[in-house]
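Chains, contacts and geometry: an overview
Residues per chain are reported as follows:
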Amino acid sequence: MKPPPFDYVRPDSLAEAVRLLAADEDAKALAGGQSLLPMMNFRLARPSVLVDIGRLPELSALRREDDVLVIGAGVRQRTAETAQLVRETCPLLGRALRHVGHHQIRSRGTIGGSLAHADPAAELCAAALALDAEVVVTGSSGRRTIPAAELFVAPYQTSLSEEEILTEVRLPIDGARSGFAEISGRSGDFALAGAAAVVRFEDGRVADARLVGLGIGGTVQRLTDAEAVLNGVALDDGTIDSAAEATGSATPTDDFHADPATRRAALRAAVQRALKQVSNA
Ligand code: FAD
């Protein structure tokens, strides 16, 4: 499959990239190309011009700012997955990224591209929501910050406007324990369902649990019924099983990969495994 005709530009600065996107409503940012180019090949996207943001220096941050891990949108997924700083400050991210496609995909795909693409089965989107991350975006009217909870609005749709560029993700570093698990047909496939867990403890009991499911609907989503089971109790095999059972109210879509019952079963298993990682951490 070949894409429809398109123009290509590679601006030298973020300001120029924003200007180019604002000038043409059919222009699209190109980052790692691992989602956009297949979509063009399948004629699901027909941008007039690709604005290549893959090498913009403004998108290359990978640093700690007090209690926040800052990762530039242009950082490759594989770079974040293997970075010592990420391993030390935000282990959930590395665990989640390991499940994104194959390492060849992660070597090209970017952190910002995955968040902006907003696939309902995206591991990174689930991790960002579980970690209560924020993203910074820049458009022609300036810079703004969006909490992950307000970023993913529908399948493959975020709250960014067409001319805004996601420039960095900011992840709190707060010592919470975390886990990530997913169930897929084969290693490297998109998950049937998965779960990210971030849990804070006080006096041996769960003070705050954030559980996020992926692959179970239009967007990655908090599993609030399961969270409610955990808050205030000790995390043991019994409470983990109860939390996993409480995900039964999820309403996954029916598609040719799996029916809702299969996805619900996969979600239950993923929640159980993610929480076991938390309890063993
Ligand atoms: P691109 O493909 O370049 O762009 C994707 C979209 O985001 C485009 O609409 C683009 O305009 C927009 N965009 C990109 N960057 C920005 C930005 N900074 N600001 C605003 N908009 C932006 N993903 C998973 O999550 N899990 C998987 O298991 C998985 N498996 C895969 C398997 C295969 C075989 C392939 C080809 C891809 C897979 N992916 C998977 C997708 C992969 O993670 C992509 O890298 C990611 O979804 C998009 O990142 P990208 O940098 O390649 O973005």
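For clarity, every value in this text was computed on a predicted model and none was experimentally measured. (Residues numbered from 1 in each chain as written. Predicted model: local features only at pLDDT ≥ 70, side-chain atom pairs only at ≥ 80, totals over all residues.)

A word on the UniProt feature "domain: FAD-binding PCMH-type" (unreviewed entry) in the chain
Definition in use: UniProt positions are given in the numbering used here, feature names are shortened, and annotations may be inferred rather than shown by experiment. Numbered from the N terminus, helices here are DSSP runs of H or I no shorter than four residues, and strands are runs of E no shorter than two.
Per the UniProt entry, the sites bearing "domain: FAD-binding PCMH-type" (unreviewed entry) are residues 1-176 in this numbering. Taken end to end, residues 1-176 is 32% helix and 26% strand, and its two terminal C-alpha atoms sit 45 Å from one another.

Describing the confidence of the model for the chain
Let me state the cut-off plainly: Every residue is assigned a pLDDT by the predictor, reflecting its confidence on a scale from 0 to 100.
The predicted model of the chain has a mean per-residue pLDDT of 96, with 100% of residues at 70 or higher. Both scores are available for the predicted complex, with the pTM at 0.97 and the ipTM at 0.99.

Remarks on the sheet that holds strand E7 (residues 142-147)
Spelled out, the test is: Each pair of strands is called paired provided DSSP finds at least two bridges between the two strands. Only the stretch in contact is used when fitting a helix axis, every axis being a line fitted to C-alpha atoms; angles between N-to-C directions are given from 0 to 180 degrees.
Reading across from one edge, E4-E5-E10-E6-E7 is the order of the five strands in this open sheet, with antiparallel pairing throughout. At either end of the open sheet lies a strand with only one pairing partner, and these are strand E4 (62-65) and E7. On average, each strand axis in the sheet is tilted by 25° relative to the strand beside it, whichever way the strands run. Two strands pair when backbone bridges link them, and strand E5 (residues 68-72) and strand E10 (residues 165-172) are joined in this way by five bridges, in the antiparallel orientation. Looking at the pairing, valine 68 lines up with proline 172 of E10.

Re the nonpolar core
Going by this rule: The term nonpolar core refers to a set of buried Ala, Val, Leu, Ile, Met, Phe, Trp, Tyr and Cys residues connected through C-beta atoms within 7 Å. Once C-beta atoms are placed from the backbone, each residue is buried if 20 or more other C-beta atoms lie within 10 Å of its own, exposed if 12 or fewer, and partly exposed for counts between those two. The contact criterion used here is simple: two residues whose C-beta atoms, placed from the backbone, lie within 7 Å are in contact.
Judged by nonpolar contacts, the single largest core of 88 residues is most densely connected at Ala126, Ala127, Ala196 and Val271. Once you skip the residues sitting within four places of it in the chain, alanine 127 turns out to touch Leu92, Leu93, Ala96, Phe180 and Ala196.

Notes on the domain arrangement of the chain
When the parts of a complex come together, some accessible area is lost, and that lost area is often used as the size of the interface. In plain terms, the rule: What marks off one domain from the next here is an automatic or database domain assignment. Side-chain classes are defined by residue name, with Ala, Val, Leu, Ile, Met, Phe, Trp, Tyr, Cys and Pro counting as nonpolar, Asp, Glu, Lys and Arg as charged, and the others, Gly among them, as polar.
Taken as a whole, the chain is organised into domain 1 (7-51), domain 2 (59-172) and domain 3 (177-280). Computed over C-alpha atoms only, the centres of domain 2 and domain 3 are separated by 21 Å. Taken together, the contact pairs 23 residues of domain 2 with 19 residues of domain 3. Every element with two or more residues in the side of domain 2 that touches domain 3 is listed here: helix H5 (91-97), helix H8 (123-130) and strand E8 (152-154). With six residues, the single largest contributor to the side of domain 2 that touches domain 3 is H8. Split into classes, the residues belonging to the side of domain 2 that touches domain 3 amount to 17 nonpolar, three polar and three charged.

Some details on H8
Among the eight residues that make up H8, eight are buried, leaving the element largely enclosed by the rest of the structure. When we look at burial in H8, the residues that qualify are Glu123, Leu124, Cys125, Ala126, Ala127, Ala128, Leu129 and Ala130. Following H8 by one or two positions, aspartate 132 adopts a phi angle in the positive range, close to 60°.

Here's the deal with the site of the ligand
Rule in force here: Being near a molecule or strand means, for a residue, that its C-beta atom, positioned from the backbone, comes within 6 Å of it.
What surrounds the ligand is a group of 30 residues, the closest being Gly32, Gly101, Gly109, Gly112 and Gly113. Those elements that provide at least two residues to the shell around the ligand are strand E2 (27-30), helix H2 (36-41), helix H7 (111-117), H8 and E10. Per-element accounting of the shell around the ligand gives the leading share, five residues, to H7. Tallied by class, residues from the shell around the ligand come to 16 nonpolar, eleven polar and three charged.

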